[in-house]
Amino acid sequence: MAMSESPEILGSTATVTSTSRSDSDLNLFSLRHRTATTTVAGTRAPDRDDTGNGEAVDDKDRVESASFTSNVGDDANETPSASDIRFMYRPRVPAHRRIKESPLSSDAIFKQSHAGLFNLCIVVLVAVNSRLIIENLMKYGWLIRSGFWFSSRSLSDWPLLMCCLSLPVFPLAAFVVEKFVQHNYISEPVVVFLHVMISTTAVLYPVTVILRCDSAFLSGVALMLFACIVWLKLISYAHTNNDMRALAKSAEKGSVEHSFDVSFKSLVYFMVAPTLCYQPSYPRTQTVRKGWVVRQLIKLIIFTGLMGFIIEQYINPIVQNSQHPLKGNLLYAIERVLKLSVPNLYVWLCMFYCFFHLWLNILAELLRFGDREFYRDWWNAKTVEEYWRMWNMPVHKWMVRHIYFPCIRNGIPKGVAVVIAFLLSAMFHELCIAVPCHIFKLWAFIGIMFQVPLVLVTNYLQNKFRSSMVGNMIFWIIFSILGQPMCVLLYYHDLMNRKGKAD
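On a predicted model such as this, the values are computed, not experimentally measured, just so you know.

Draft legend 1. Up close: the overall build of the protein chain. A tally of helices and strands in the protein chain yields 18 helices and 2 strands. Pairs at least 24 apart in sequence give 72% of the contacts found in the protein chain among residues at least 6 apart. If you sum the accessible surface of the protein chain, you get close to 30,400 Å²; carbon and sulfur atoms cover 65% of it.

Following this line, the structure appears as structure tokens:
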């Protein structure tokens, strides 16, 4: 059969042909070339179609074939037109045109779309968890108590409610101090002393109330979280005002106008806004989307109920049927930790979604608060350090603004500044868990400070392997599979031992 003598096709065929041609191949190539050169333009007889149907292939078809074979490698996934189909499956058209990797090879796996595999994981996850729900109901029955949301013991927590309602007194006191210093009634050292006393009392007061009352654990945790938020806001309010006063004084010396006023309206907005960093004004949206707020509230109720269901139906039975993780059989303790890790992870993810996404966005929408970057894609964190920078942006911004960079400006090394930030975080984690439990075993404190060596280890592994998967898997295993379930078991058994001794 005669092949097209078009130089484009000969060139494209030559690129995919092995360089080690046999003599017969070379002779055949020479014969075709001689045939092409001896043909007179305009008088040459048309070739026959390769399919053997007798159809003549004219010069126009030859040009279309050459154009198709030269362009088909550029976009192999493009749907061919009707004219291209005539030449698409001819044997002379190359089937292999460029170097390609398999979709699951290490060089190409992250360049592919895995939407289908993601859907498969969702289907498998739903199927497996459905089986676990049925198995749990068959084994334990319905464990949700009628007093889960509200019980007679909740009435005994009224001292905690009164303490919570009285906490706004401390921001009011901080505002009075700032007004006094603005009118030069008190000096700067006195201002610092008064702010330290106000912020410290704002934390010690709830701690004292909780320790003196035998309140429910959730009520104590809620009060301590609220008190810690007030403390962080008071520190930011005092620190920012001090910096603006210093700027105003330097502007006066330099004959530059800089207005600074202490506004009660700004303080009130700051205390209710979803931020921990004070500033006189914030970016604001134009309107409040009422329908959107209603939808988010419905989601908040649903996911809060889901958290309660998982805690009552799964976590409580597992914890109650466990032993102290630091005592007894090691293999049994590992089995309990791994069994607890899955429902604990679900509860933690629901908590994150409810608070950082739903609640903070609802609050921001009602207050028309514009900056809603309350978290980043922490689930893609390659190191522990990245996780702590991305998962809680309000606290991260507060730490950077009021702890880290002030330490750097005062000559403290960066590593020491990071340790100071983790130390402060560990103290507040311990307060929020140990005080409501009436147990001071420092498990939460040790768990947070253990993040410091983990930061160094994960950074080293990330630099060594240069792979995001390695660091991300280490983060998930250490933080969610081992760390949190271990803390839950430790605090539960210490709490049960304390109640047993009290009884």
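Draft legend 2. View of the packing of helix α7 (residues 169-182) against helix α10 (residues 264-272). The geometry of α7 relative to α10 is characterised by a closest axis approach of 11 Å and an angle of 150° between their N-to-C directions. One way to sum up the angle between α7 and α10 is to call them roughly antiparallel. By crossing handedness, the relation of α7 to α10 is classed as right-handed. Here Pro171, Leu172 and Phe175 of α7 lie close against α10, whose contacting residues are Phe264, Leu267 and Met271. Looking at the contact of α7 with α10 residue by residue, the classes come out as 6 nonpolar, no polar and no charged.

Draft legend 3. Examining the pattern of salt bridges more closely. Under the counting rule described, the total for this entry stands at 10 salt bridges. Taking the shortest distance from any N to any O, the salt bridge between Arg245 and Glu178 comes out at 2.5 Å. With Arg245 in helix α9 (residues 217-253) and Glu178 in helix α7, the pair connects residues that are 67 residues apart, well separated along the chain. Look at Glu178 and you get buried, because its relative accessible area is 0%.

Draft legend 4. Layout of the nonpolar core. By size, the foremost hydrophobic cluster in this structure holds 69 residues, and its most contacted members are Tyr237, Trp378, Tyr387, Trp388, Trp391 and Trp398. For this core, the element with the most residues is α9, which contributes 10 residues. Those residues in contact with Trp378, other than ones at most four positions away along the chain, are Trp348, Leu349, Phe352, Tyr387, Met390, Trp391, Phe475 and Trp476. Membership of the second largest hydrophobic core comes to 18 residues, among which are Val337, Leu340, Val347 and Leu358.

Draft legend 5. Spatial organisation of the confidence of the model for the protein chain. Counting all residues, the mean pLDDT for the protein chain is 77, and 75% of those residues have values of 70 or more. Confidence drops under a pLDDT of 50 for residues 1-77, and excluding neighbours within four residues, the segment shows 65 contacts in the predicted structure.

Draft legend 6. Region of the structure containing the environment of Ile315. Within the secondary structure layout, Ile315 lies in helix α11 (residues 290-320). The sequence separation of Ile315 and Leu340 amounts to 25 residues, and the corresponding C-alpha distance is 6.6 Å. Every residue in contact with Ile315, bar those within four places of it in the chain, is listed here: Ile310, Leu340, Pro343, Asn344 and Val347.

Draft legend 7. How the structure looks around the packing of helix α14 (residues 393-409) against helix α15 (residues 414-437). Packing of α14 against α15 leaves a shortest axis separation of 9 Å and a crossing angle of 140°. For the element pair α14 / α15, the angle class is oblique. Taken as a pair, α14 and α15 cross one another with a handedness that is right-handed. Counted together, Trp398, Met399, Ile403, Tyr404, Cys407 and Ile408 of α14 and Lys414, Ala417, Val418, Ile420, Ala421, Leu424 and Ser425 of α15 form the full contact between these two elements. Of the residues contributing to the contact of α14 with α15, the split by class is 11 nonpolar, 1 polar and 1 charged.

Draft legend 8. View of the environment of Met449. If you trace the backbone, Met449 turns up in helix α16 (residues 443-449). Taking the C-alpha atoms as reference, Met449 lies 6.3 Å from Phe422; in sequence the two are 27 residues apart. Those residues in contact with Met449 that lie beyond four places of it in its chain are Val419, Phe422, Leu423 and Ala426.

Draft legend 9. Molecular detail of α15. For α15, built from 24 residues, the straight-helix expectation of 34 Å at 1.5 Å per residue is met to within 8% by its first-to-last C-alpha distance of 35 Å. In the segment just after α15, His438 is the residue with positive phi, at about 60°.

Draft legend 10. Quick peek at unusual backbone geometry. In this structure, Arg368 is a non-glycine residue whose phi angle is positive, near 55°. Assignment of secondary structure puts Arg368 in the loop between α12 (330-367) and α13 (384-390). What makes Arg368 partly exposed here is its relative accessible area of 28%. Its identity as a non-glycine residue notwithstanding, His438 has a phi of 60°, on the positive side. With respect to the helices and strands, the residue His438 is situated in the loop between α15 and α16.

Draft legend 11. Seen up close, helix α5 (residues 115-140). Spanning 26 residues, α5 covers 37 Å between terminal C-alpha atoms, matching the ideal 38 Å at 1.5 Å per step. Backbone geometry just downstream of α5 places Gly141 in the positive-phi region, at approximately 75°.

Draft legend 12. Spatial organisation of the side chain of Ser199. With respect to the element layout, Ser199 can be found in helix α8 (residues 188-212). At 2.9 Å, the side chain of Ser199 and the backbone oxygen of His195 are in polar contact. Contact partners of Ser199, with chain neighbours within four places excluded, come to Trp231, Leu234 and Ile235.

Draft legend 13. Representation of the packing of aromatic side chains within the structure. By the definition in use, this model includes 27 aromatic pairs. Taking 6.3 Å as the distance between ring centres and 35° as the angle between the ring planes, the aromatic pair formed by Phe352 and Trp391 counts as tilted. Separated by 39 residues along the polypeptide, Phe352 in helix α12 and Trp391 in the loop between α13 and α14 bring together distant segments of the chain. On the basis of an interplanar angle of 85° and a centroid distance of 6.1 Å, the ring pair of Trp388 and Phe422 is categorised as edge-to-face. Of the two residues, Trp388 is situated in helix α13 and Phe422 in helix α15; the sequence distance between them amounts to 34 residues.

What counts and how
Residues numbered from 1 in each chain as written. Predicted model: local features only at pLDDT ≥ 70, side-chain atom pairs only at ≥ 80, totals over all residues. Heavy atoms only, no water. Helix = DSSP H or I, 4+ residues; strand = E, 2+ residues; numbered from the N terminus. Contact = heavy atoms within 4.5 Å. Areas by Shrake-Rupley, 256 points an atom, 1.4 Å probe, with all protein chains shown as cover. Axes fitted to C-alpha atoms, helices over the stretch in contact; angles between N-to-C directions. Parallel < 35°, antiparallel > 145°, perpendicular 65-115°, else oblique. Left-handed = near helix turned anticlockwise from the far one by under 90°. Nonpolar A, V, L, I, M, F, W, Y, C, P; charged D, E, K, R; others polar. Salt bridge = Lys/Arg side-chain N within 4 Å of Asp/Glu carboxyl O. Buried < 20%, exposed > 50% of the residue type's maximum accessible area, 1.4 Å probe, protein only. Core = buried A, V, L, I, M, F, W, Y, C linked by side-chain atoms within 4.5 Å. pLDDT = per-residue confidence, 0-100. Expected span 1.5 Å × (residues − 1). Polar contact = N/O pair within 3.5 Å; in protein donor to acceptor, adjacent residues only side chain to side chain. Phe/Tyr/Trp six-rings, centres within 6.5 Å; stacked < 30°, edge-to-face > 60°.

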